[in-house]
Amino acid sequence: MIYETAVSLLYVFSTSLLYPDIIGLLILFTWSLILVGSMIQEYTSRRRDVKELEEIVLRAASLVSSGMSEDAADLLRSYRSPQVAGVLMEIARSLEGSMLRVRLDKILQDVELDMARRLEPLRIGMRLGPILGLMGTLIPMGPALVSLSKGDIQSMASSLIIAFATTVIGLVVGGICYCSLLIRNRWYHQDLSDLEYAAAILRRAMDEGQDGRSG
């Protein structure tokens, strides 16, 4: 009696998760399609030019060493890459105050943490999609076996269709998130490398300026 009651409860609980699982998969699938669109938009908006970045930062560093921090800030804001320009604006604001070296380190650390935060949803989707897909595969198997035992082929076929469809959707979501994670991880590391290079130039100019004033 206890065993039959426990089995019945497990069956009810597991089958009751089917519709939330399907809804979650549909939400994830819609989000993954939006993610593809945002990836295409970000790809078309990227304007990486190391030579231009180097020229702008070198000129800004020269202005900083000459004590013209406001002009250097305006120059850094003019860089055309939207992904890097936002951080350069933060660096530009730090040029107008003291503790430049400490602020540069803090800005770069915050940028790295922000990049990791933006990649977290992709990591979650990469794992959650296949998990929900597997749940959507296993849950309808119980009703399908019950229908088979009763000779209800139509109900069994409906349950199997749901099982296979959720598997496919879950794998598609996981694949999109995995590819997006790899691409954006490479983009963000490249942006971070460019920002570290720009900060290194500014630090060197600051050191040279201090040496010139002390000499």
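Whatever comes next refers back to the structure up there.
Computed from a predicted model, the values in this text were never measured in an experiment.

Engineer: Can you walk me through the pattern of salt bridges in this structure?
Structural biologist: Opposite charge on two side chains lets them pair, provided their charged atoms get close. The final tally for this structure, using the stated rule, is six salt bridges. A salt bridge links Arg46 to Glu42; the nearest nitrogen and oxygen atoms lie 3.1 Å apart. Across the pair, exposure class does not vary: Arg46 and Glu42 are buried alike. For Arg184, the salt bridge is made with Glu42, and the minimal N-O distance between the two is 3.2 Å.

Engineer: Would you take a moment to explain the packing of helix 1 (residues 2–16) against helix 2 (residues 18–45) for this structure?
Structural biologist: For any two helices packed against each other, one specifies the crossing angle of their axes together with the interaxial distance. One way to put it is that helix 1 packs onto helix 2 with a least axis distance of 4 Å and a crossing angle of 25°. With respect to their mutual orientation, helix 1 and helix 2 come out roughly parallel. Touching Ser14, Thr15 and Ser16 of helix 1 are Leu18, Tyr19 and Pro20, all from helix 2. Of the residues assigned to the contact of helix 1 with helix 2, the class counts are three nonpolar, three polar and no charged.

Engineer: Just to check I follow, could you spell out the packing of aromatic side chains for this structure?
Structural biologist: Remark: the centre distance and the inter-plane angle together describe each pair of aromatic rings, the angle taken between the planes. Applying the stated criterion across every chain, the model contains one aromatic pair. Their ring planes at 20° and their centres at 6.4 Å tell us that Tyr43 and Trp187 sit as a pair that is stacked. A residue pair is termed long-range when its members are at least 10 positions apart, and Tyr43 in helix 2 and Trp187 in helix 8 (residues 153–214) qualify at 144 residues. It is Arg118 that lies over the ring of Tyr188; its NZ or CZ is 4.6 Å from the centre.

Engineer: I'm lost on the layout of surface pockets in this one. Help?
Structural biologist: By rolling a water-sized probe across the atoms, one finds the places where empty space is left. Of the volumes computed, that of the largest pocket is approximately 170 Å³. For the lining of the largest pocket, the residue count by class is two nonpolar, three polar and five charged.

Engineer: How should I be thinking about the nonpolar core in this particular structure?
Structural biologist: Nonpolar side chains in soluble globular proteins generally cluster together in the buried interior. Counting 38 residues, the largest nonpolar core has Val57, Leu76, Leu88, Ile91, Val111 and Leu195 as its most contacted members. Secondary structure elements with two or more residues in this core: helix 2, helix 3 (50–65), helix 4 (69–77), helix 5 (82–95), helix 6 (100–138) and helix 8. At twelve residues, the largest contribution of residues to this core is made by helix 8. Sequence-distant contacts of Val111, that is, excluding residues within four places in its chain, are made with Val87, Leu192 and Leu195.

Engineer: What is the right way to look at a nonpolar patch on the surface in this model?
Structural biologist: A cluster of nonpolar side chains, contributed by Leu9, Tyr11, Val12, Phe13 and Val146, occupies part of the molecular surface with about 440 Å² of accessible area. At four residues, helix 1 tops the list of elements feeding residues into the nonpolar patch. Take Val146: it is sitting in helix 7 (residues 141–150). Relative accessible area serves as the criterion here: at 34%, Val146 is assigned to the partly exposed category.

Conventions and cut-offs
- Residues numbered from 1 in each chain as written.
- Predicted model: local features only at pLDDT ≥ 70, side-chain atom pairs only at ≥ 80, totals over all residues.
- Heavy atoms only, no water.
- Salt bridge = Lys/Arg side-chain N within 4 Å of Asp/Glu carboxyl O.
- Buried < 20%, exposed > 50% of the residue type's maximum accessible area, 1.4 Å probe, protein only.
- Axes fitted to C-alpha atoms, helices over the stretch in contact; angles between N-to-C directions.
- Helix = DSSP H or I, 4+ residues; strand = E, 2+ residues; numbered from the N terminus.
- Parallel < 35°, antiparallel > 145°, perpendicular 65-115°, else oblique.
- Contact = heavy atoms within 4.5 Å.
- Nonpolar A, V, L, I, M, F, W, Y, C, P; charged D, E, K, R; others polar.
- Phe/Tyr/Trp six-rings, centres within 6.5 Å; stacked < 30°, edge-to-face > 60°.
- Lys NZ or Arg CZ within 6 Å of the ring centre and 35° of its normal.
- 1 Å grid on protein atoms, 1.4 Å probe; cavity = no way out; pocket = protein on both sides within 12 Å on 5 of 7 lines; lining within 4 Å.
- Points joined across faces, edges and corners; volume = space filled by probe spheres on them.
- Core = buried A, V, L, I, M, F, W, Y, C linked by side-chain atoms within 4.5 Å.
- Patch = residues over 30% accessible without salt bridge, like charges linked within 9 Å, V, L, I, M, F, W, Y side chains within 5 Å.
- Areas by Shrake-Rupley, 256 points an atom, 1.4 Å probe, with all protein chains shown as cover.

None of this, on its own, says anything about what the molecule does.
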